[in-house]
Each structure stands twice: as C-alpha cells, then as structure tokens.
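# A closer look at the structure
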Amino acid sequence: MWNGGTKANEQPMGVERGRERARDLMTGAQVLSGQLGKTIQRLRKAYNLSLSELAEQSGVAKSIISQIERNETNPTLATIWRLSQALDVSIERVLATGDEEPFIEKSSRADTPILVSEDGKVKLAITGWIKTVEWLQWYDVTAEPGGELDSDAHQRGSVECLSVLEGEFEVEVAGAVQRVKTGETLRYRCDRPHTVRCISDQTARATMVVIMKAAVME
C-alpha cells in the first residue's frame, strides 16, 4: 500500500533535478574553462578586488585564482561556487559565455536611503554603491534655503567634490569659505570638520562625491 513516501531505490524529483543542474554546471565549467578565467578576472576588477582580497573573501588560494584567470587549470564546481559567492553573483553568471555581459543594476526611489541634516533642511540621497563605500561615496543633495550640513572630519587624505546642479552653496573648511553656484564644482579636503550651506533663496541641488584616502594634499 502506498503511503505517500518514496521507495528506497527512488529519489525525490527535486533531488534528481538538483543533480542534473549540478552536472550541467560542471559540464559548463569544463567546456567554458577558457572563458571562465576572463570572466573571473573581469568581475574581480569590476569590484576593485585584488587577488589577495578575493582569496580572503572566497577561501580560494590566491595562486589558484591566478591560475584560473590565466586559464592554466580547470577549477572544481565547489571552487567556482566559492568565487561566485565572494563576487556576489550567481554561478550561472560566472559560467556565462558572453565575454562582454553588461552589468545593469537599478535601485528604486524607495530603496534609496536618505540622510537628513540636524536642521532638517538638507537631504542626502545615498546613490553610491555599497561595495565602494570604504573608498568612494556619492550622494544626491537637496537643500532648502539656509540649510546647513555639518560634517565631522573623514579619514586623512579624503577629498569631497560638490557639483552644483541648481542654486548656490557655500562651503567652509577650517575657516576658509568658498561659494559655488550652478554649473560649478568645488573640491576640498574633508579630513577636517567642514560645513556645506545653502545660500540660495530657493531649493538647491548638487551631487556630492567623497573620495576616501585620496591623499592628494599633504
């Protein structure tokens, strides 16, 4: 009498499909070994990772990754999976045949975090990529008249760039004050306390980019 289970020599359909998918992926890895190295290298460089950093994040030896990128070895499926996890992409994408596969990622307005100044008059939409936050940050700035954004010093060597799209701003850094209006860009050290003020009589907008560890001025 059937009781809803499976016979001892039978496998659930999901398990069998999983095995088929694994076999397909393994076959793909072998067939695409020449393309795989280029894909890994392209993704690693796109995420600004060194061989050592990718090795640390993936648990795959640096020497192995180097051999993969030079197409000197056929990696196991487990190795490809660890690399795909470290690169935050699907294993199918790593095994994709297209050498110039486009990277397109969209964030909705609802998914975009907003920072607000203490006076509530300056808003910064975080449009930068989370993966670059330790060395590059950028924001969409909207400021009401009289709004001030006071910031503490960032790490030594950091530089901030303020490109005004509408209106006029004033930036103060260590007692030095400079104005910047529509169409102009102001670059300044932000490794010391600094203030950005909206001096327009209407709402002003700008793009702010923060380059961490720039060390362009010593």
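Our subject in this report is the structure included herewith. (Residues numbered from 1 in each chain as written. Predicted model: local features only at pLDDT ≥ 70, side-chain atom pairs only at ≥ 80, totals over all residues. Heavy atoms only, no water.)

## Overview of the overall build of the protein
Each helix and strand in the protein was counted, giving six helices and 10 strands. Scored against the burial criterion, the 218 residues of the protein give a buried share of 36%. Carbon and sulfur atoms provide 50% of the accessible area of the protein, an area that totals close to 13600 Å². (Helix = DSSP H or I, 4+ residues; strand = E, 2+ residues; numbered from the N terminus. Buried < 20%, exposed > 50% of the residue type's maximum accessible area, 1.4 Å probe, protein only. Areas by Shrake-Rupley, 256 points an atom, 1.4 Å probe, with all protein chains shown as cover.)

## A word on the side chain of Glu69
Note that Glu69 resides in helix α4 (residues 62-69). On the basis of relative accessibility, which here comes to 10%, the residue Glu69 falls in the buried class. At 3.4 Å, the side chain of Glu69 and the side chain of Gln41 are in polar contact. Apart from the residues within four sequence positions on either side, Glu69 is in contact with Gly37, Ile40, Gln41, Arg44 and Leu51. (Polar contact = N/O pair within 3.5 Å; in protein donor to acceptor, adjacent residues only side chain to side chain. Contact = heavy atoms within 4.5 Å.)

## Regarding the nonpolar core
Residues Leu124, Leu162, Phe169, Val171, Tyr188, Val196 and Met208 are the most contacted members of the largest nonpolar core, which totals 22 residues. Counting residues per element, the ones that place at least two in this core are β2 (122-126), β3 (136-143), β5 (159-166), β6 (168-173), β8 (185-189), β9 (194-198) and β10 (204-211). Looking at this core element by element, the count peaks at four residues for β10. With residues up to four places along the chain from it excluded, the contact list for Tyr188 reads Ser158, Val159, Glu160, Leu162, Val171, Val173, His194, Val196 and Met208. Among the nonpolar cores identified, the runner-up in size contains 19 residues, and Tyr47, Ala55, Ile68 and Val94 belong to it. (Core = buried A, V, L, I, M, F, W, Y, C linked by side-chain atoms within 4.5 Å.)

## Quick notes on the pairing of strand β7 (residues 176-181)
Where β6 lies against β7, six bridges are found, and the strand directions are antiparallel. Counted as the bridge partner of Val173 is Ala176 from β7. Linking two consecutive strands that pair antiparallel, namely β6 and β7, is a turn of two residues; a positive phi of about 50° is found at Ala174 within it. (Pairing = 2+ DSSP bridges.)

## Some words on the sheet that holds β10
Reading across from one edge, β1-β2-β3-β10-β5-β8 is the order of the six strands in this open sheet, with antiparallel pairing throughout. Each end of this open sheet is capped by a strand with a single partner; those strands are β1 (114-116) and β8. In this sheet, neighbouring strand axes are inclined to one another by 25° on average, regardless of whether the strands run parallel or antiparallel. Both β5 and β10 contribute to a ladder of seven bridges, which runs antiparallel. In the strand pairing of β10, Leu162 is matched with Met208. (Axes fitted to C-alpha atoms, helices over the stretch in contact; angles between N-to-C directions.)

## Notes on helix α3 (residues 51-58)
Within α3, burial applies to Leu51, Leu54, Ala55 and Ser58. Each buried residue of α3 lies within a common arc of 100° when the element is viewed along its axis, so the set occupies one face. Where α3 ends, the next residue or the one after it, Gly59, has phi of about 80°, a positive value. (Arc of directions from axis to C-beta.)

## Points about the sheet that holds β9
Taken together, the four strands give an open sheet; going across it, the order is β4-β9-β6-β7, and neighbouring strands pair in antiparallel fashion. Pairing within the sheet leaves two strands with one partner each, and these edge strands are β4 (148-151) and β7. The mean angle between the axes of side-by-side strands here comes to 15°, regardless of whether they run parallel or antiparallel.

## Describing the pattern of salt bridges
In the structure shown here, the tally under the stated rule is nine salt bridges. In this structure, Asp191 and Arg192 form a salt bridge, with 3.4 Å as the shortest nitrogen-oxygen distance. On the basis of relative accessible area, Asp191 is assigned to the buried category, the value being 13%. Arg192 sits in the partly exposed class, given a relative accessible area of 31%. Each of Glu148, Glu170, Glu172, Arg179 and Arg197 takes part in salt bridges that share partners, so that together they form one network. (Salt bridge = Lys/Arg side-chain N within 4 Å of Asp/Glu carboxyl O.)

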